[in-house]
Protein chains: 4
Amino acid sequence: MTITLKKQATGSAGNPSLSGEDAEVLAVLEEVPRGAAVSKPYRLASREGHPRSTVVNVAGIPVGSALFTVIAGPCCVEGEEEIVETARSVKQSGAHMLRGGAFKPRTSPYSFQGWGNEGLRRLARARESTGLPVVTELLSVGDVESVASCADLIQIGARNAQNTPLLCEVARSGKPVLLKRGMSCTIEEWLMSAEYLLSHGNPNVILCERGIRSFETMTRNTLDLSAVAVAKQETHLPVVVDPSHGTGKRNLVIPMARAAVAAGADGLLIEVHPDPDRALSDGAQSLTFEMFRKLMEEITPIVEAMGRGLTPARLIQCGV
Amino acid sequence: MTITLKKQATGSAGNPSLSGEDAEVLAVLEEVPRGAAVSKPYRLASREGHPRSTVVNVAGIPVGSALFTVIAGPCCVEGEEEIVETARSVKQSGAHMLRGGAFKPRTSPYSFQGWGNEGLRRLARARESTGLPVVTELLSVGDVESVASCADLIQIGARNAQNTPLLCEVARSGKPVLLKRGMSCTIEEWLMSAEYLLSHGNPNVILCERGIRSFETMTRNTLDLSAVAVAKQETHLPVVVDPSHGTGKRNLVIPMARAAVAAGADGLLIEVHPDPDRALSDGAQSLTFEMFRKLMEEITPIVEAMGRGLTPARLIQCGV
Amino acid sequence: MTITLKKQATGSAGNPSLSGEDAEVLAVLEEVPRGAAVSKPYRLASREGHPRSTVVNVAGIPVGSALFTVIAGPCCVEGEEEIVETARSVKQSGAHMLRGGAFKPRTSPYSFQGWGNEGLRRLARARESTGLPVVTELLSVGDVESVASCADLIQIGARNAQNTPLLCEVARSGKPVLLKRGMSCTIEEWLMSAEYLLSHGNPNVILCERGIRSFETMTRNTLDLSAVAVAKQETHLPVVVDPSHGTGKRNLVIPMARAAVAAGADGLLIEVHPDPDRALSDGAQSLTFEMFRKLMEEITPIVEAMGRGLTPARLIQCGV
Amino acid sequence: MTITLKKQATGSAGNPSLSGEDAEVLAVLEEVPRGAAVSKPYRLASREGHPRSTVVNVAGIPVGSALFTVIAGPCCVEGEEEIVETARSVKQSGAHMLRGGAFKPRTSPYSFQGWGNEGLRRLARARESTGLPVVTELLSVGDVESVASCADLIQIGARNAQNTPLLCEVARSGKPVLLKRGMSCTIEEWLMSAEYLLSHGNPNVILCERGIRSFETMTRNTLDLSAVAVAKQETHLPVVVDPSHGTGKRNLVIPMARAAVAAGADGLLIEVHPDPDRALSDGAQSLTFEMFRKLMEEITPIVEAMGRGLTPARLIQCGV
């Protein structure tokens, strides 16, 4: 899929007599690749014009294929020792990639905001030590270069799901992108954010459902697994699920991980911490090493019941 | 479990100097069964004081056991021929009970409100013809006798989830009750409604998650499968899931049925219609006979992966 | 407005070949009064076919006119002395009707459920003593006679906004009805509930916005004042606002009461208690007598800025 | 208020043995200004430690004083002629500032994204021609210099309400900031975003309520006026309301503008367009010049009923 849409003429002299969305859409249609379906607003993401499922290759791990992918690690990268230990443990239990935040979006300016570039270096060392590809979040346009030079898969978090300048910038980086659904994004808006990535030239987009905001208070968010089924039907993109943020509670992660597999997800994103009660962030939703092992054990028969298999460990080869 | 709480002294001379919820709670504690846990507001529903899972016997079908239960049928009972035909078809595909509304709660006074008692008679004939126990909704205190005389399991719908006089009345009927979560009920409020049933002497309560209201518009409701995991952990009651109302779209029912099984549900409630496009209500979310057959086929390996089995057909024996 | 729709043929032999909502609507259209507009689903409530605003006469108090109405009183009727004292105080501060619950819908079966018929008798005594018409909630079809014999205006609460049998029954009582919006009802669904009342022969319907459920936790509900503006534009019915339930916090009631007036509401429903911290329910949102006096003082200039006046005290004449 | 918090040590060698939020909070407390209240997480925004209301001076217009402020203009700056014409018209009707977007966040990559820097130049010309200070949105860290050099008040839009790098950057620009509430931000999260601005050295923060996401579909968002009352009580910051985005419908803007004034808002943000049906964005919610004149006429008596006055035109002096 090689698409080169002309960039929107922001700042040009332009034609101020253009009026209304219809005119805009007509104007853009000329730029759309021949043969693409146009009945959906997310025309590049849509399955209509692209019936075959896209498989995104993340450093040798195929996401969106018949092989199921599991990404695990701490919410936030802490010490080097901890991240290396965590990488080893989750790899041993069957994880295929390592997650960990170096730049953290926090509600409070007084909360720990992550170790930044030092966190990226620690992630790189954990990769060297285990071969696990690394997933980490990009928060700011200014960090795109350093994050892209470390990450195998760049995460755009829920708070930035509609941060269009960041979407455009990460698209240009060329790296695969894990796009989380915003906590109040409709499915259509989420797919339109994916469309930003696709239309700016990056076909390697993985969607991630992580719960939406509802009135329920027993869970941190309301994990919307219907969105997985919708996204798989409407688009050709891989879809993974984050039951850690989706529920916010450790003891709900395993059942919702199983449910995500059965809903048709292509992978999982799981928070794991050596000592959740001492985690610098999101401890309440992090699994212990032992619980993660149990999660892998419990999803395996469901993955098989879905006619799929877990990605074999031999495909893990990052920097090894 | 034989609990007889004294009824609240509504209308009695009472003590007007009582002040605040604390006083109320203290007052009621005296009436709580000895040994019951009290750290949860839903003290009878809570697993704390009742660690063993309750199995509700619905005319021979055990709901909440290791055996998985499937309830299927039209939203609304239409002609006698249609309901008998539907009952036969869903039984053949593996369903264990027949659902069908005789009294329908409709948003508009101008929409079809169900065939009422004639609908109940048609359900009874479908039961005679197939042996399937019958699930039907009770809308009004005035109909409790006629509904209880027909139904094997009485449904309290989402709109009536906090209709406390109806809850008290249906509890007194002695029939097993399927309690749907209200569309804006928190999990705790839903469990408190179950507590109304339990505290009014009816231990045969089955919880039903059917989607909550959110901002998402691509689905009719947002099916909250986390609520299944929470309800299974917090209470000893069986939990079933209605992915038909939960999604409102036929092509999402099968994936969400699979996900419900994997989340730990004890059963499913599925809308099936001989000709969904001509259904008097909820056609968009009803499966055809063929799709229902496919649903049973797709959930079977997930049920097994969960270490359970489908309830065997030989237990179906209603009126046969 | 004298409308007599034939009752829906629930339970009749009917025509099972009817298919879909279209057929239903066509069938009902024959029963709609000549000349009524039909472009809205709430055809009797709609302003289209009834451009003049309806004024509902509640025991001499005109609701929906240029005169603004204030209803005040405790959430729950407690002792006779308290309710009489409250009635006198709110009347002195300028209230036009007395509210108070005798039958209370409570989330927990262990919470105080109201004094029932004894509560109604206490309300009647407060009316005798002050001349204030009485507003009280009807929870159950079984209580319609006793509530209708006491109340001047019957309240249908948020939890029963879509309890259609109760709507039909209260419509038949002939008494004016205060219809609260359900906590997850869209504006259209709320208007359809009003349509149940109108189409079952009761033209005396007052709409009441009381907050909807959202993710916000600093307020008990999210008071949706846009719904007031929509309801005033879309329908000919009076609209009042309940900022007590709408916010759940005493210190937000006065600003939201002012805002409700400015949004175009025809009246207010305010919880007032002689000693809120000792109230049997909803103390946190109840005003003291002094705060209610201040509320009246603060809304007066806004009522005047809207080109209206407060209903004069001389119209209060109930049983006097 | 001159606060210089040390920046969070992102990327520093740091202390990886820190564990949990408590440790973080303790660490930061040392950096908090002496005497500030700490019982609220938004300690600098809180009224507790800063009882006097902050008045933000925007090019001579005092926002948050007894004088009420009205900001008006198109969603999106279009041609130079249109923006100058609009500025003149809204000034004549009584507006105190001109709004207009040069950089537009759009759900679809195929929608018009604004004229960018050329849009800023057109805004500057409208300011020269009328003296109205200019409010425009900053979308990207990369544009902070050009936006800050044009705008008198920089808007952070709802989609960026938790874009923390952008908040930090705009804080450093030194310009007053209009901070919109995110569409799924709780009030507390919104105040925490304000805290980012304050703790990064910018005391000139104006809060803007613009509607939250709910299940209601008749309005684009649900305008939460309770949030105005809460924010005025909890913080010392000015609060303005945007009923245009809050409702999404032209005919609801005037009633909700009145309600916002009565709820205690310090100002309004109103979309006005010379020909709304031909607007490049948000036409459905834009007022005509004539409707805006009527809005000013209708809010005037409410402003006075609140014991305030409209800011006098003689204070408008930008570049004149």
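Residues numbered from 1 in each chain as written. Chains lettered and ligands numbered in written order. Predicted model: local features only at pLDDT ≥ 70, side-chain atom pairs only at ≥ 80, totals over all residues.

### Looking at the confidence of the model for chain A
Residue and element names in this part refer to chain A. On average, residues of chain A carry a pLDDT of 89, and 88% of them reach 70 or more. Confidence over residues 1–37 falls short of pLDDT 50; this stretch has 48 contacts with residues more than four positions distant or in other chains. Across the assembled chains, the prediction reports ipTM 0.89 with pTM 0.90. (pLDDT = per-residue confidence, 0-100. Contact = placed C-beta atoms within 7 Å.)

### Digging into the packing of helix 2 (residues 80–93) of chain B against helix 3 (residues 117–130) of chain B
Residues and elements named next belong to chain B. At a closest axis distance of 9 Å, the pairing of helix 2 and helix 3 adopts a crossing angle of 40°. Considering their axes alone, helix 2 and helix 3 lie oblique with respect to each other. Relative to helix 3, the crossing made by helix 2 is right-handed. Only R122, L123, R125, A126, S129 and T130 of helix 3 make contact with helix 2, whose side of the interface consists of E80, I83, V84, A87, R88 and K91. Partitioning the contact of helix 2 with helix 3 into residue classes produces 5 nonpolar, 2 polar and 5 charged. (Axes fitted to C-alpha atoms, helices over the stretch in contact; angles between N-to-C directions. Helix = DSSP H or I, 4+ residues; strand = E, 2+ residues; numbered from the N terminus. Parallel < 35°, antiparallel > 145°, perpendicular 65-115°, else oblique. Left-handed = near helix turned anticlockwise from the far one by under 90°. Nonpolar A, V, L, I, M, F, W, Y, C, P; charged D, E, K, R; others polar.)

### As for helix 9 (residues 250–263) of chain D
Every α-helical turn comprises 3.6 residues, leaving residues that sit three or four positions apart pointing alike. All names here are of chain D. Helix length check: helix 9 (14 residues) gives 20 Å between terminal C-alpha atoms against 20 Å at 1.5 Å per residue, within 8%. Extensive coverage of helix 9 is indicated by the burial of 12 of its 14 residues. Along helix 9, the residues that are buried comprise L252, V253, I254, P255, M256, A257, R258, A259, A260, V261, A262 and A263. G264 lies just past helix 9 and shows a positive phi near 110°. (Expected span 1.5 Å × (residues − 1). Buried ≥ 20, exposed ≤ 12 C-beta atoms within 10 Å, placed from the backbone.)

### Here we look at helix 5 (residues 164–173) of chain B
All names here are of chain B. Counting buried positions along helix 5 gives 8 out of 10 residues, so the element sits mostly inside the fold. All of the buried residues along helix 5 are T164, P165, L166, L167, C168, E169, V170 and A171. In this structure, the buried residues of helix 5 make contact with helix 4 (144–150), strand 6 (153–156), strand 7 (177–180) and helix 6 (187–199). Positioned one or two residues after helix 5, G174 has a phi angle of 80°, which is positive.

### Description of the packing of helix 5 (residues 164–173) of chain D against helix 6 (residues 187–199) of chain D
Residue and element names in this part refer to chain D. With their axes 8 Å apart at the nearest point, helix 5 and helix 6 run at an angle of 40° to one another. As the angle between them shows, helix 5 and helix 6 are arranged oblique. Of the two possible hands of crossing, helix 5 and helix 6 adopt the one that is right-handed. In this structure, helix 5 contributes T164, L167, C168 and A171 to the contact, and helix 6 contributes S193, Y196 and L197. Looking at the contact of helix 5 with helix 6 residue by residue, the class counts come to 5 nonpolar, 2 polar and no charged.

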